[in-house]
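Spelled out, the chains give:
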Amino acid sequence: MALTFNDVNKRGSYTWIKCNDDAKSSYFRGLFVQKHGGEFVRNGRNWEWNPSKEQIIFLEPIFIEPGNKETKPIGEKIWKFKNETGEIFETKNLQEFCKEHNLTRSSIYEVISGKRKSHKGYSVVL
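None of these values were measured; they are calculated from a predicted model. (Residues numbered from 1 in each chain as written. Predicted model: local features only at pLDDT ≥ 70, side-chain atom pairs only at ≥ 80, totals over all residues. Heavy atoms only, no water.)

(A) Just the packing of aromatic side chains, in detail. Tallying each qualifying case throughout the model produces 7 aromatic pairs. Consider the rings of Tyr-27 and Phe-28, whose centres lie 5.5 Å apart with planes at 70 degrees: the pair is edge-to-face. Overall, Phe-28 belongs to the buried group, its relative accessible area being 15%. Here a set of aromatic residues connected by ring pairs shows up, and it is made of Phe-81, Phe-89, Phe-97 and Tyr-122. (Phe/Tyr/Trp six-rings, centres within 6.5 Å; stacked < 30°, edge-to-face > 60°. Buried < 20%, exposed > 50% of the residue type's maximum accessible area, 1.4 Å probe, protein only.)

So, in structure tokens, the structure goes:
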């Protein structure tokens, strides 16, 4: 997963952990500043990223799909699943998809995160 500026100051997020609690946090902070600019400032025990004034104008919320490195605007998230017969299903609403196909939502989230390969024959299409 890539280090993104959306959650760098959100405690407990992947990027925050990499820049604060990881054994190589100083290395990750350096990579982050190299890619996104700005600077890290000590805030108590933790580091907080402060973007440069030019960057504040252009900050837009984005997310990264699991297994996909390209970014998309919020609201355009489409999940693709493949069943045992090879049919591909696309959905924007994961809860409705699980209800329609008699799937357990928590198990599908484990498939999406990579903890499981499949659930009831459904796997994620990357």
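(B) Quick look at the pattern of salt bridges. Using the criterion set out here, one finds 2 salt bridges in the structure. Where Glu-90 meets Lys-80, a salt bridge forms, and the shortest distance between an N and an O atom there is 3.9 Å. With Glu-90 in strand β6 (residues 88-91) and Lys-80 in strand β5 (residues 79-82), this pair connects stretches of sequence that are 10 residues apart. Judged by relative accessible area, which is 53%, Glu-90 ranks as exposed. A relative accessible area of 37% places Lys-80 in the partly exposed class. Among the salt bridges present, the one from Glu-110 reaches Arg-116, with a minimum N-O distance of 3.9 Å. Relative accessible area serves as the criterion here: at 32%, Arg-116 is assigned to the partly exposed category. (Salt bridge = Lys/Arg side-chain N within 4 Å of Asp/Glu carboxyl O. Helix = DSSP H or I, 4+ residues; strand = E, 2+ residues; numbered from the N terminus.)

Interpretation in functional terms is not warranted from these geometric data alone.
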